[in-house]
Amino acid sequence: MQDLNDMLFFAEVVDKGGFAAAGRALGVPKSKLSRRVAGLEARLGVRLLQRTTRKLSLTEAGELYHRHCAAIRDEAAAATDALAQVQQAPRGTVRMTCPITLAQSNVGRVIAHFLVLHPEVRVEMQVTNRVVDLVEEGVDVALRVRPTLEDSGSLVVKSLGRTSGVMVGAPALLAQAGPIAGVDDLQRLPTVAMGVVDGRASWRLVGPGGKEHMFVHRPRYVADDIITLKAAVMEGVGIYMLPDYLCSESLANGRLAEVLPGWAPAQAVVHAVFPSRRGLLPAVRRFLDFLGENVQGEAMAFGSIAPA
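Notes on the structure in this doc start here. Residue positions are given per chain, counting from 1 as you read along its sequence in written order. The model is predicted, so local features are restricted to residues of pLDDT at least 70 and side-chain atom pairs to those at 80 or more, both for listing and for counting; the totals for chains, interfaces and linings are taken over all residues. The side-chain quantities take in all heavy atoms of the structure and omit both hydrogens and water.

## Some remarks on the pairing of strand 7 (residues 165–169)
Reasoning step 1: For every residue, the accessible area obtained with a 1.4 Å probe (protein chains only) is divided by the maximum for its type, and the residue is called buried under 20%, exposed over 50%, and partly exposed between those limits. Secondary structure elements are defined from DSSP: runs of H or I of at least 4 residues count as helices, runs of E of at least 2 residues count as strands, and each element is numbered from the N terminus. Of all the five residues making up strand 7, five are buried; the element is thus mostly covered by neighbouring parts of the structure.
Reasoning step 2: Burial of strand 7 is two-sided: the residues Gly165, Met167 and Gly169 facing one way and the residues Val166 and Val168 facing the other way are all buried.
Reasoning step 3: A pair of strands counts as paired when DSSP detects no fewer than two bridges linking them. With two bridges joining them, strand 7 and strand 13 (residues 257–258) adopt antiparallel strand pairing. Within the sheet, the bridge partner assigned to Val168 lies in strand 13 and is Glu258.

## So, helix 3 (residues 30–44)
Reasoning step 1: The terminal C-alpha atoms of helix 3, which comprises 15 residues, lie 21 Å apart, in line with the 21 Å expected from a rise of 1.5 Å per residue.
Reasoning step 2: Residues of helix 3 that are buried include every one of Leu33, Val37, Leu40 and Glu41, and no others. Buried residues of helix 3, seen end-on, are gathered within an arc of 95° and therefore sit on one face of the element. For helix 3, the exposed residues set more than 90 degrees away from the buried face come down to Arg35, Ala42 and Arg43.
Reasoning step 3: Among the residues trailing helix 3, Gly45 stands out with phi positive, at a value near 75°. For a helix, the expected span equals 1.5 Å multiplied by the number of residues minus one. It is the directions from the helix axis to the C-beta atoms whose arc is reported.

## A word on the sheet that holds strand 15 (residues 268–274)
Reasoning step 1: Strand order across the open sheet formed by five strands is 4-3-5-15-6, with mixed pairing between neighbours. With partners counted over all chains shown, the strands left at the sheet margins are strand 4 (121–127) and strand 6 (156–163), one partner each. Strand-to-strand twist of the sheet, defined as the mean angle between neighbouring strand axes without regard to direction, takes the value 20°.
Reasoning step 2: Direction of pairing for strand 3 (residues 92–98) relative to strand 4: parallel, over a ladder of seven bridges. Paired with Val94 across the bridge in strand 4 is Val123.
Reasoning step 3: Together, strand 3, strand 4 and strand 5 (141–146) form the strand contacts of helix 6 (residues 106–117), whose direction differs from that of strand 4 by roughly 160°. Every axis corresponds to a line fitted to the C-alpha atoms, with the helix fit spanning only the stretch in contact, and the corresponding angles, defined between N-to-C directions, vary from 0 to 180 degrees. Contacts were defined at the residue level, with two residues in contact if any of their heavy atoms lie within 4.5 Å.

This is a description of form; function is not addressed.
This is the structure in structure tokens:
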């Protein structure tokens, strides 16, 4: 059976550029390292290193063998780190940002549950729709919602699930307007919206078979707060595309009704953005794992998380 220590010694000799440097890094005498690597070559029946008085160089076989030895060494170190993370109770502060509608969703419940389970952890959350520079502003985790997973350069992106919205209105309003059989009938309905351009709003709807329709309308009521708009929809002011987590209960009890089943906004992806996992504090690492384990389950139980 292969001696894994010899593989480690060989990888360190190569990476440190010689037996002396590797010996200092490992705390092992240079002479012992030399004997161990020579014994490794003898057992393998192949020369791994070309030795001269000035330097060491890898043979072709040595280059191939070194890649595998280095991978085994790194995996062993990662296994030790993972065990240490499990054994160490998460503590400290997690600094994060979260879009407004996402914070108002069941994600807020998930974060509260995490804090109950880990009493030595603090969470400082900025609730904002602004795109935050994590490195510049000292943020550990940013939750975001985008049509697709974003390319964040040197940052790591962790998908947490998909989102959807529902086009809803008050039942009395829909009854007054008459049957809404297709997208062209939407023009007969008043609307509310979060933003307009030249007095008009545009909603891109996706229907059966992936068919798309751009619904352009002039809203009766414009506000930059989704809870305010929901109240207006429930009072019969107009229809709107609400995140399903905000309207699932009202749909179930009949206070709201879906306007045109089968037509909805395109889904988006909820994801966490954070620096490389290497060097993450235990509290941040466990927080990310907890989000991955729980956010999608909450979304499926209570309605998907809404786009911000």
